[in-house]
Structure formats: structure tokens, C-alpha cells
Amino acid sequence: MRDQLDRLVQEMLDKGILYEDARREFEKMFISRALQRSKGNVGDAAEMLGIHRNTVARKITEYRIKRSA
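Residues numbered from 1 in each chain as written. Predicted model: local features only at pLDDT ≥ 70, side-chain atom pairs only at ≥ 80, totals over all residues. Heavy atoms only, no water.

Draft legend 1. Region of interest: the overall build of the protein chain. When helices and strands are counted, the protein chain shows four helices and zero strands. The proportion of buried residues among the 69 residues of the protein chain is 22%. Residue pairs at least 24 apart in sequence account for 43% of intrachain contacts in the protein chain once pairs closer than 6 positions are excluded. Counting only carbon and sulfur atoms, one obtains 51% of the accessible surface of the protein chain, whose full area is about 5800 Å². (Helix = DSSP H or I, 4+ residues; strand = E, 2+ residues; numbered from the N terminus. Buried < 20%, exposed > 50% of the residue type's maximum accessible area, 1.4 Å probe, protein only. Contact = heavy atoms within 4.5 Å. Areas by Shrake-Rupley, 256 points an atom, 1.4 Å probe, with all protein chains shown as cover.)

Draft legend 2. Local environment of helix α4 (residues 53-63). Considered for burial, the residues of α4 that qualify are Val56, Lys59, Ile60 and Tyr63. Considered in projection along α4, the buried side chains sweep an arc of 105° and stay on one side of the axis. On its buried face, α4 is in contact with α2 (19-37) and α3 (42-49). Arg64, located one to two residues past α4, shows a positive phi value of around 55°. (Arc of directions from axis to C-beta.)

Draft legend 3. Geometry of the nonpolar core. Membership of the largest hydrophobic core is limited to 11 residues, which are Ile31, Ala34, Leu35, Val42, Ala45, Ala46, Leu49, Val56, Ile60, Tyr63 and Ile65. At the level of secondary structure, the elements contributing two or more residues to this core comprise α2, α3 and α4. Per-element accounting of this core gives the leading share, four residues, to α3. If we skip the residues at most four places from it in the chain, Ile65 touches Lys28, Ile31, Ser32, Leu35, Lys59 and Ile60. (Core = buried A, V, L, I, M, F, W, Y, C linked by side-chain atoms within 4.5 Å.)

Draft legend 4. The packing of α2 against α4, seen in detail. Contact geometry for α2 and α4: axes closest at 11 Å, N-to-C directions at 120°. Judged by the angle between their axes, α2 and α4 are oblique. Both α2 and α4 take part in a crossing whose hand is left-handed. Every residue of α4 that contacts α2 at Arg23, Arg24, Glu27, Lys28, Ile31 and Leu35 is listed here: Val56, Lys59, Ile60, Glu62 and Tyr63. Of the residues in the contact of α2 with α4, the class split is five nonpolar, no polar and six charged. (Axes fitted to C-alpha atoms, helices over the stretch in contact; angles between N-to-C directions. Parallel < 35°, antiparallel > 145°, perpendicular 65-115°, else oblique. Left-handed = near helix turned anticlockwise from the far one by under 90°. Nonpolar A, V, L, I, M, F, W, Y, C, P; charged D, E, K, R; others polar.)

Draft legend 5. Inspection of a nonpolar patch on the surface at higher detail. On the surface, Leu5, Leu8, Val9 and Leu13 cluster together to form a nonpolar patch covering roughly 360 Å² of accessible area. As for its placement among the helices and strands, Val9 is situated in helix α1 (residues 2-14). (Patch = residues over 30% accessible without salt bridge, like charges linked within 9 Å, V, L, I, M, F, W, Y side chains within 5 Å. Salt bridge = Lys/Arg side-chain N within 4 Å of Asp/Glu carboxyl O.)

Here's what the structure looks like:
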């Protein structure tokens, strides 16, 4: 996994993608996938991610993530 991540980071740097844009996109995708796995249950997704459910709820709003994907 580390090699894949290294290649992805290299590619993003080569394309001029800014850190903040990459971080936001990664966070949005990470939360979206956890919500998919938890069938939209915010508490279960939060536990899976190791963060508080209020944080997940705030990020859902911030990134306009659909809970039931």
C-alpha cells in the first residue's frame, strides 16, 4: 500500500495538485467509503474511522456527502 501511495503522491505533485485540494479529496472519499460500508450509519462510520460521530456529521455537511450511497 505504501508503494501505491508513493506513486499517487508523485503523480499528484507532477500534475501540480495542491496539498489542501488533495487532503480534502482524500478525506471526502475516506468518509464516503466508511459510510457506504456502514450503510449510512454515521456512528458506525465514525467508529470505523476512529473519529467522533459529530466530526463525521460535520464533514458530511461540509463535503455534501450522501449518507446512503
